[in-house]
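Take a look at the letters that make up each chain.
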Amino acid sequence: MRMCTVCALKENHPGIRFGDDGVCSLCTLDVAGDLMENFTYTKRVFEEFTRSGPNPHGDHDCLFMYSGGKDSTYMLDKFVNEHGKRVLCYTFDVPFESVHAAENIRLARERIAATFVLDSDDDTIKAVMREVFNRTPAKPGTYLDEKLPCVSCRTFFVIRAILHAFRHRIPYIVLCADPQQILTMESDVREVVRGFYRTFGRRLADEFFRGELERLLFADDDELPRIVFPFIAMRYAYDPDRIVAELKEKGLYASSPLETHCTLFPLLNYYSFLNWDCMFYKLNAASHRRAVRRDENRHRSTFGIAFPRAVDLPAVEERLKRVVLDIAGSRGEPAAQERELIELFTQLDATEDAARFVARQFLDLRETAADLGVVLRGGGAGA
Ligand SMILES: [Zn+2]
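It should be emphasised that the depicted structure is a prediction, and the values quoted were computed from it without experimental measurement.

J.: Can you break down the coordination of the zinc ion residue by residue, with the values?
T.: Ligation of the zinc ion by protein atoms is provided by Cys4 (SG), Cys7 (SG), Cys24 (SG) and Cys27 (SG), these donors lying 2.3 to 2.4 Å from the ion. Metal-centred angles of 103 to 116° between the four donor atoms at the zinc ion mark the site as tetrahedral. Read in sequence order, the donor residues coordinating the zinc ion give the pattern C-x2-C-x16-C-x2-C. Remark: Cys27 occurs in the segment before α1 (32–51) and Cys4 occurs in the segment before α1; sequence separation between them is 23 residues. Of the two residues, Cys4 and Cys27, neither departs from the other in class, the shared state being buried.

J.: Talk me through the sheet that holds strand β4 (residues 172–174); I want residue IDs and the actual numbers.
T.: One open sheet holds the five strands; their spatial order is β3-β2-β1-β4-β5, and the pairing between them is parallel. Of all the strands in the sheet, the pair left with one neighbour each is β3 (115–119) and β5 (226–228). Mean inter-strand twist for the sheet, computed between neighbouring axes without regard to direction, equals 25°. When strand β2 (residues 87–92) meets β3, the two strands line up parallel, connected through five bridges.

J.: Report on unusual backbone geometry, specifying residues and quantitative values.
T.: Geometrically, the link from Lys139 to Pro140 is a cis peptide bond, its omega value of 5° lying close to zero. The backbone phi angle of Ala8 is positive, close to 75°, even though this residue is not glycine. By the element assignment, Ala8 lies in the segment before α1. Residue Ala8 is classed as buried on the basis of its relative accessible area of 3%. Positioned with a positive phi, Asp277 is a non-glycine residue whose angle comes to about 55°.

J.: With reference to specific residues and values, describe the pairing of β2.
T.: With six of its six residues buried, β2 lies for the most part within the structure. The alternating pattern of β2 places Val87, Cys89 and Thr91 on one face and Leu88, Tyr90 and Phe92 on the opposite face, and all of these are buried. Alignment of strand β1 (residues 62–65) against β2, held across four bridges, turns out to be parallel. When the bridges of β2 are listed, Leu63 appears paired with Leu88. Handedness of the crossover joining β1 and β2 through helix α2 (residues 70–81) is recorded here as right-handed.

J.: I'd love a proper account of the pattern of salt bridges, names of residues and values included.
T.: Working definition: two side chains of opposite charge can pair if their charged atoms are close together. Counted according to the given criterion, the structure contains 32 salt bridges. Of the charged contacts in the structure, one is a salt bridge between Arg167 and Glu212, with a shortest N-O distance of 2.9 Å. One end of the pair, Arg167, is in helix α5 (residues 148–167); the other, Glu212, is in the loop between α7 (189–208) and α8 (213–218), and 45 residues separate them in sequence. Here Arg167 falls in the partly exposed class, since its relative accessible area comes to 42%. What makes Glu212 buried here is its relative accessible area of 18%. Its salt-bridge partner being Arg360, residue Glu338 comes within 3.1 Å of it at the nearest N-O pair. With Glu338 in helix α13 (residues 334–347) and Arg360 in helix α14 (residues 352–363), the pair connects residues that are 22 residues apart, well separated along the chain.

J.: Please provide a residue-by-residue account of the packing of aromatic side chains, values included.
T.: Counted under the stated rule, the structure contains 16 aromatic pairs. Seen in terms of ring centroids, Phe64 and Phe79 are 5.9 Å apart; in terms of plane orientation they differ by 80°. Their pairing is edge-to-face. Of this pair, Phe64 sits in strand β1 while Phe79 sits in helix α2, and the two are 15 residues apart along the sequence. Phe79 matches Phe64 in its accessibility class, with the two residues each being buried. Put simply, the rings of Phe92, Phe156, Phe157, Phe196, Phe200, Phe208 and Phe209 pair up and form one aromatic cluster.

J.: Please set out the side chain of Asn269 residue by residue, giving values where relevant.
T.: Mapping Asn269 onto the fold places it in helix α10 (residues 265–276). Asn269 gets classed as buried once you look at its relative accessible area, which sits at 2%. At 3.0 Å, the side chain of Asn269 forms a polar contact with the backbone oxygen of Phe265. Once residues lying within four places of it in the same chain are set aside, the contact partners of Asn269 are Cys278, Met279, Phe280, Leu320, Val324 and Phe362.

Thresholds, definitions, all that
Residues numbered from 1 in each chain as written. Predicted model: local features only at pLDDT ≥ 70, side-chain atom pairs only at ≥ 80, totals over all residues. Heavy atoms only, no water. Donors = N, O, S within 2.8 Å, 3.2 Å for Na, K, Ca; no water. Tetrahedral: all angles 85-135°; square planar, octahedral: opposite > 155°, others 65-115°. Helix = DSSP H or I, 4+ residues; strand = E, 2+ residues; numbered from the N terminus. Buried < 20%, exposed > 50% of the residue type's maximum accessible area, 1.4 Å probe, protein only. Pairing = 2+ DSSP bridges. Axes fitted to C-alpha atoms, helices over the stretch in contact; angles between N-to-C directions. Right-handed = clockwise from strand over helix to strand, strands pointing away. Salt bridge = Lys/Arg side-chain N within 4 Å of Asp/Glu carboxyl O. Phe/Tyr/Trp six-rings, centres within 6.5 Å; stacked < 30°, edge-to-face > 60°. Polar contact = N/O pair within 3.5 Å; in protein donor to acceptor, adjacent residues only side chain to side chain. Contact = heavy atoms within 4.5 Å.

Right, here's the structure in full:
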């Protein structure tokens, strides 16, 4: 198995090609063209949005997707208090988040003048996840396929938000993806919907959204909301530590080291190992490596997740794969597995407490899968 000499992605990673020099298409400029096109479009929409006047069709200028995390809290404050936008603040309650950002949402409600809406649909989002996890994906796959469950969850609630904005004639949707996520995200509303149809097929897509999706495909362009990524404007200045410091000063942030931790994280790793022979965060780790190679003096990555430079990623990944597939197949000794997981997560820069917490979740993989109705498949040791 060849591995990219720059970023350590494997040759069979979905959506990646290798050159004769052993460097992958993400490290050469093969995909940069697409990414730049997406970037130019989203930048234009953002500028249009900041210049736009009040929405003539209703009380809100934008629907703001609010998770309670630091990025969206920071932007929400800016839009309401600096840009004077009339904001409908939309939160989808994702049932898989272990630490609901409830405290931050409460602080925001107290201090920021916006309309807050809390949406949820546990049964449907669980059905979406069950569907993705229980399928065997087609090979060789496309870019981000190893993250399909995660992408599908997010796409599901982004479409819920799109429908909400569409029904209430709100012209813009604000999405606070961090700068790396933006470059891999679909910014055109119809494309988001088409992508969902492609993944799930018409019957399931209609079932999940109760037949409402077609209205988006056949609507006039000016009836459709447009997606705005405000972090575009800060692309080169994204600094998570500064964001947190500023929020704390304003009394808008109660931090937790496990902030947006997803309880499906072990299951997501099982999925990516089983189907794509990589850990869930492989692309993040690879892009971190790439950035460090390009600029040795760079102390901060612009990405949400940092990976220590010294760590031997391929070795950590191999060991993690073995433990995860063993747990899935009821093999091995839980106490030893817990020790090994804690050691691996500590190598990946987690604190001792965080490593212990996440290790426990991995040991519960089978229960998590059973709760969701996911059938764990094969994956014999060393497969
Ligand atoms: Zn590479």
